[in-house]
Amino acid sequence: GFFQSNAVEVDVKDASNATCLYANWMMKFLIKYETNNSDYKNTTLNLSSNVTHNGSVCGNDTQAALLAVQFGEGHLWSINFTKTNETYQGNFITFTYNTNDTALFPDAKRKGPVTIVVKDTMSPVQLNNVFVCHNADFLEAENVTQIFWNVTVQAFVENGTISKKESRCSADTPTSAPTVLPTTANITTASTTTLSPAPTTAPRPVEDPVTGNYSLKSGNKTCFLATVGLQLNVSQDKPVLININPKTTTADGTCGNTTATLKLNDGNSTLIGF
């Protein structure tokens, strides 16, 4: 149930009514806010079924493309894209949530819109290619975790036709380089230790996974400890077993008053969130 949300599809047209920017994706937001009692609560903002995309811009060689959506009680989200002669990529994501939404923030101390800006981690995509990423991507900044999955997007669409050529994110490719999570001011990088050597790399590991120690710190205090050996059984065309290697796995996440999140990212770009 963690990823339940509504899918969003935006098809931006140019002056000749041809598609110039297309996106279909799912996203949700985990927000920690201060209450009237000066403590903190966590709330989850899902996209409603009624989403508009006013202000979206096609973009060109000199102007950035903009994908902007509005939903719920005054919540806004947008991403801008720029291009070179060969590629395009997302630059910055802007998210505004409105604490006047009493259904989500019934006792918020701060009233009104709150805006955060975070740099997008999307790699450059070849022009006339559609970017696809089914795996979940997490962006954290200023007490907000933005989660995206099942993403399909193409900026600067040529001739009004969505491309058949795909550029997949590294998380969708098991043998690619690891995805680097964004560093934010309010997240302390966790330490990772290993109890024994890493398992031998093989397409289908059959040995037991090596046990690893993972921890998170809040200031100088450890707030999350996990001692665990992990093996994933992935159902694809052929079942694939993947051992999580503690020697190449980094831990990240956050600790709050009522919730904590531990994220493990290993050398095969396998992202697991607890």
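Above this text sits the structure in question.
So, here's what we can say about the structure. Fair warning: this is a prediction, and the values are worked out from it, not measured in the lab.

### Some points on the nonpolar core
Here is step 1 of the chain: Among the nonpolar cores identified, the biggest contains 44 residues, and Trp-25, Trp-77, Phe-81 and Phe-95 are the most heavily contacted of them.
Here is step 2 of the chain: Contributing elements (two or more residues each) for this core: strand 1 (7–13), strand 2 (19–34), strand 5 (65–71), strand 6 (75–83), strand 7 (87–98), strand 8 (113–119), strand 10 (130–133) and strand 12 (144–155).
Here is step 3 of the chain: With 8 residues, the single largest contributor to this core is strand 2.
Here is step 4 of the chain: Setting aside residues no more than four positions away along its own chain, Trp-77 makes contact with Trp-25, Met-27, Phe-29, Leu-67, Ala-68, Val-69, Phe-71, Ile-93, Thr-94, Phe-95, Gln-146 and Phe-148.
Here is step 5 of the chain: Counting 9 residues, the second largest nonpolar core, distinct from the first, contains Leu-216, Ile-244, Leu-262 and Leu-264.

### Concerning the environment of Ile-147
Here is step 1 of the chain: When you line up the elements, Ile-147 lands in strand 12.
Here is step 2 of the chain: In this structure Ile-147 comes out as buried when scored by relative accessible area, which is 0%.
Here is step 3 of the chain: Once the C-alpha coordinates of Ile-147 and Leu-30 are considered, the two residues, 117 residues apart in sequence, prove to be 8.1 Å apart.

### So, the pairing of strand 5
Here is step 1 of the chain: Burial within strand 5 is extensive, with 6 of its 7 residues counted as buried.
Here is step 2 of the chain: Here strand 4 (residues 51–52) runs beside strand 5; their pairing, made up of 2 bridges, is antiparallel. Across the sheet, residue Val-51 finds its bridge partner in strand 5, namely Phe-71.
Here is step 3 of the chain: In this sheet, strand 6 lies alongside strand 5 in antiparallel orientation, the contact comprising 7 bridges. Of the residues in strand 6, the one forming a bridge with Leu-66 is Asn-80.
Here is step 4 of the chain: Between strand 5 and strand 6, which pair antiparallel and follow one another directly, the connecting turn spans 3 residues, one of which, Gly-72, has a positive phi of 60 degrees.

Criteria and cut-off values
Residues numbered from 1 in each chain as written. Predicted model: local features only at pLDDT ≥ 70, side-chain atom pairs only at ≥ 80, totals over all residues. Heavy atoms only, no water. Core = buried A, V, L, I, M, F, W, Y, C linked by side-chain atoms within 4.5 Å. Buried < 20%, exposed > 50% of the residue type's maximum accessible area, 1.4 Å probe, protein only. Helix = DSSP H or I, 4+ residues; strand = E, 2+ residues; numbered from the N terminus. Contact = heavy atoms within 4.5 Å. Pairing = 2+ DSSP bridges.

Function-wise, these values are silent; they only describe arrangement.
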